[in-house]
Amino acid sequence: MALINCPECDCEVSDQALACPNCGYPVADGAPPSPQAEGGGAEPPQPEASARRRVGCLDVVSPALCALGGFAAVFFFQRGDTKHAVMGALLFIAGAIGTVALLTGRPWYGREDD
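The rules behind the values
Residues numbered from 1 in each chain as written. Predicted model: local features only at pLDDT ≥ 70, side-chain atom pairs only at ≥ 80, totals over all residues. Heavy atoms only, no water. Helix = DSSP H or I, 4+ residues; strand = E, 2+ residues; numbered from the N terminus. Buried < 20%, exposed > 50% of the residue type's maximum accessible area, 1.4 Å probe, protein only. Contact = heavy atoms within 4.5 Å. Areas by Shrake-Rupley, 256 points an atom, 1.4 Å probe, with all protein chains shown as cover. Expected span 1.5 Å × (residues − 1). Phe/Tyr/Trp six-rings, centres within 6.5 Å; stacked < 30°, edge-to-face > 60°. Axes fitted to C-alpha atoms, helices over the stretch in contact; angles between N-to-C directions. Parallel < 35°, antiparallel > 145°, perpendicular 65-115°, else oblique. Left-handed = near helix turned anticlockwise from the far one by under 90°. Nonpolar A, V, L, I, M, F, W, Y, C, P; charged D, E, K, R; others polar. Core = buried A, V, L, I, M, F, W, Y, C linked by side-chain atoms within 4.5 Å. Disulfide = S-S within 2.5 Å.

Chemist: In this structure, what is going on with the overall build of the protein? I would like to understand it.
Modeler: Each helix and strand in the protein was counted, giving three helices and two strands. For the protein, the proportion of its 114 residues judged to be buried stands at 22%. Considering only contacts in the protein between residues 6 or more positions apart, those separated by 24 or more positions represent 26%. Surface accessibility of the protein: about 8,600 Å² in total, with carbon and sulfur atoms responsible for 61%.

See the structure below:
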């Protein structure tokens, strides 16, 4: 990897880079010119519709399991029904694991922001 000078702003750029990080001028062969290099002051590109995070079934079900399982565990423990209280606690744990996984980026689907 070698460093070359950008023809637009004379900043040092990697020869493997598609565009200059300083001004956006395309330095690689076949790289499309960036909006900054063309007209300057252009608006930043908006994310595509497919890149936006969609609300899925698990986004609703996991927190609901957590809340309902916790409520059921407390309710049945107070009534002395240990069997159902344990089931409520298990629902709470499952909902908590799903909610934490959702908050950390849904790793089983792959993160779109990497």
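Chemist: Would you take a moment to explain helix H3 (residues 82-103) for this structure?
Modeler: Every α-helix winds through 3.6 residues per turn, so residues three or four apart in the chain are directed the same way. Under the 1.5 Å per step criterion, the end-to-end length of H3 is 31 Å for 22 residues, consistent within 8% with the ideal 32 Å. Along H3, the residues classified as buried are Ala85, Gly88, Gly95, Gly98, Thr99, Ala101 and Leu102.

Chemist: Just checking my understanding: could you explain the environment of Ala73 for this structure?
Modeler: Its location among the elements puts Ala73 in helix H2 (residues 57-79). Each C-alpha atom of the pair Ala73 and Ala85 lies 4.3 Å from the other, and the pair is twelve residues apart in sequence. Beyond its immediate chain neighbours, meaning those up to four positions away, Ala73 contacts Ala85, Gly88 and Ala89.

Chemist: What am I meant to see in the packing of aromatic side chains here?
Modeler: To describe a pair of aromatic rings, one takes the distance between the centres and the angle between the planes. By the definition in use, this model includes two aromatic pairs. Ring centres 6.0 Å apart and planes at 15° place the aromatic pair Phe71 and Phe75 in the stacked group. Placement of the pair is Phe71 and Phe75 together in helix H2, with a separation of four residues, close to one helical turn. Phe71 sits in the exposed class, given a relative accessible area of 60%. Following the ring pairs from residue to residue traces out a cluster consisting of Phe71, Phe75 and Phe76.

Chemist: Whenever I open this one, the packing of H2 against H3 confuses me. Can you help?
Modeler: Between H2 and H3, the shortest axis-to-axis distance is 7 Å and the interhelical angle comes to 150°. One element, H2, and the other, H3, form an angle in the roughly antiparallel class. Along this stretch, H2 crosses H3, giving a crossing that reads as left-handed. Between H2, through Leu58, Asp59, Ser62, Pro63, Leu65, Cys66, Gly69, Gly70, Ala72, Ala73, Phe76 and Phe77, and H3, the contact on the second element is made entirely by His84, Ala85, Gly88, Ala89, Leu91, Phe92, Gly95, Ala96, Gly98, Thr99 and Leu102. For the contact of H2 with H3, the residue count by class is 14 nonpolar, eight polar and one charged.

Chemist: What should I look at first to understand the nonpolar core in this one?
Modeler: Note on soluble globular proteins: their nonpolar side chains tend to be buried together. Judged by nonpolar contacts, Cys6, Val13, Cys20, Cys23 and Val27 together constitute the single largest core of five residues. What Cys20 contacts, discounting residues up to four positions off in sequence, is Cys6, Cys9, Cys11, Val13, Tyr25 and Val27.

Chemist: Sorry if this is basic, but what is going on with the state of the cysteines here?
Modeler: The bond known as a disulfide is covalent and runs between the sulfur atoms of two cysteines. Tallied over the full model, the rule gives zero disulfides. Free cysteine: Cys6, not disulfide-bonded; nearest cysteine sulfur from Cys23 at 3.7 Å. Residue class for Cys6 comes out buried when judged on its relative accessible area of 2%.

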